[in-house]
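Chain by chain, the residues:
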Amino acid sequence: MDALVAGDLPRLRAESLEGHPLHVAARFEIRRGALGELRLSGTIEGELWHECQRCLQPMAWHFRLTPDAVLVPLEGSIEGLDAGDDFIELDAEGLLRPRDWVEEEVLLAWPLVPRHEDCNTGRTDEFAEGEGRENPFAVLAGLKDDLAGRGDDS
């Protein structure tokens, strides 16, 4: 597997936590598909660091991606491809930029709201019903009923 360094992946470096390691390795192959199309498939794996959105502490994100996409010349046709097929548009010279492709695949898989699986820090049961606690949504429903009642009086 070929390892990439942080300097090869500037957008990932910018999104990752500063001062923490960035490890990305990729291996892929180009082959002919059943319809004669050129397909790029492989494995991208590694570890990036970002901030847990619940406890705001650093956390490692371990990933293993297995992309499979059709190579399409710039302004080429994607007709005839399956609706679920991903495709990669080659640049103006008809070349694939592997580092850019790897970086894009990892960014697309990046968690929208990263958090530790077992993180309970900062989590409260403010919406839990219990002794002496009224559900805040019940309060809102009461306010809504009050406002609706006022509308009938006019």
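As shown above, the structure is provided for reference.
These lines cover the structure that appears in this document, whether it is placed above or below.

How each quantity is defined
Within any chain, residue numbers begin from 1 and follow the written order of that chain's sequence. Given that the model is predicted, a residue must reach a pLDDT of at least 70 before its local features are reported, and side-chain atom pairs must reach 80 or more before they are shown or counted; all residues, however, enter totals for whole chains, interfaces and linings. For the side-chain quantities, the full set of heavy atoms in the structure was used; hydrogens and water were omitted. The buried label goes to any residue with under 20% of its type's maximum accessible area, the exposed label to any with over 50%, and the partly exposed label to all in between, with areas taken from a 1.4 Å probe on protein chains only. Only DSSP runs of H or I reaching four residues or more are called helices, and only runs of E reaching two or more are called strands; each is numbered from the N terminus. Paired strands are those between which DSSP finds at least two bridges. Here a polar contact means two N or O atoms within 3.5 Å. Within protein one must be a hydrogen donor candidate and the other an acceptor candidate, and residues neighboring in sequence count only if both atoms are side-chain atoms. Contacts are residue-level and defined by heavy atoms, with any inter-residue pair within 4.5 Å sufficient. Patches were defined on residues exceeding 30% relative accessible area and lacking a salt bridge, with like-charge contacts within 9 Å and nonpolar side-chain contacts (Val, Leu, Ile, Met, Phe, Trp, Tyr) within 5 Å. The protein chains shown are the only cover counted for residues, whose accessible areas, like all others here, come from Shrake-Rupley with a 1.4 Å probe. Counted as salt bridges are all cases of a side-chain nitrogen of Lys or Arg within 4 Å of a carboxyl oxygen of Asp or Glu. Take the residue count of a helix, subtract one, and multiply by 1.5 Å to get its expected span. Each Phe, Tyr or Trp ring (for Trp, its six-membered ring) is paired with any other whose centre lies within 6.5 Å, and the angle between the two planes then decides the class: stacked below 30 degrees, edge-to-face above 60, tilted in between.

Let us look at the pairing of strand E3 (residues 38–51). In regular strands, side chains alternate between the two faces of the sheet. With respect to burial, E3 is a largely interior element, ten of its 14 residues being buried. As paired strands, strand E2 (residues 23–32) and E3 are joined by ten bridges and run antiparallel to one another. Across the sheet, residue Phe28 finds its bridge partner in E3, namely Gly42. Count of turn residues in the E2/E3 antiparallel hairpin: five residues, of which Gly36 carries a positive phi of about 85°. As judged from the eight bridges shared by E3 and strand E4 (residues 58–65), these two strands associate in the antiparallel manner. Its bridge partner being in E4, Glu47 is matched across the sheet by His62. Where E3 folds back on E4, the antiparallel hairpin that results is connected by six residues, among which Leu56 adopts a positive phi of roughly 65°.

The next point concerns the side chain of Glu47. Looking at the element boundaries, Glu47 is found in strand E3. There is a polar contact of 3.3 Å between the side chain of Glu47 and the side chain of His62. In contact with Glu47, not counting residues within four places along its chain, are Pro21, Leu22, His23, Ala60, Trp61, His62 and Phe63.

Let's shift gears to a nonpolar patch on the surface. Taken together, the side chains of Phe137, Val139, Leu140 and Leu143 present a nonpolar region at the surface, about 390 Å² in accessible area. Locating Phe137 in the fold gives a position in helix H3 (residues 136–153). Accessibility expressed as a relative area gives 52% for Phe137, which makes it exposed.

Owing to its 3.6 residues per turn, the α-helix brings residues three or four apart onto one side. The first and last C-alpha atoms of helix H2 (residues 98–109) sit 17 Å apart over twelve residues, in line with the 16 Å expected at 1.5 Å per residue. For H2, every residue scored as buried is listed here: Trp101, Val102, Glu103 and Val106.

Below, the discussion takes up unusual backbone geometry. The phi dihedral of Leu56 falls on the positive side, at around 65°, and the residue is not glycine. Here Leu56 lies in the loop between E3 and E4.

Okay, the packing of aromatic side chains next. What the rule picks out here adds up to three aromatic pairs. Site record: aromatic cluster; members linked through ring pairs are Trp61, Phe63 and Trp110.

Attention now goes to the pattern of salt bridges. Summed over the entire model, instances satisfying the criterion amount to five salt bridges. Measuring nitrogen to oxygen at the nearest pair gives 3.1 Å for the salt bridge that ties Arg39 to Asp68. Of this pair, Arg39 sits in strand E3 while Asp68 sits in strand E5 (residues 68–72); the two residues are 29 residues apart in sequence, bridging distant segments of the chain. Bridged by salt links that share partners, the residues Arg11, Glu103 and Glu104 form one connected network.

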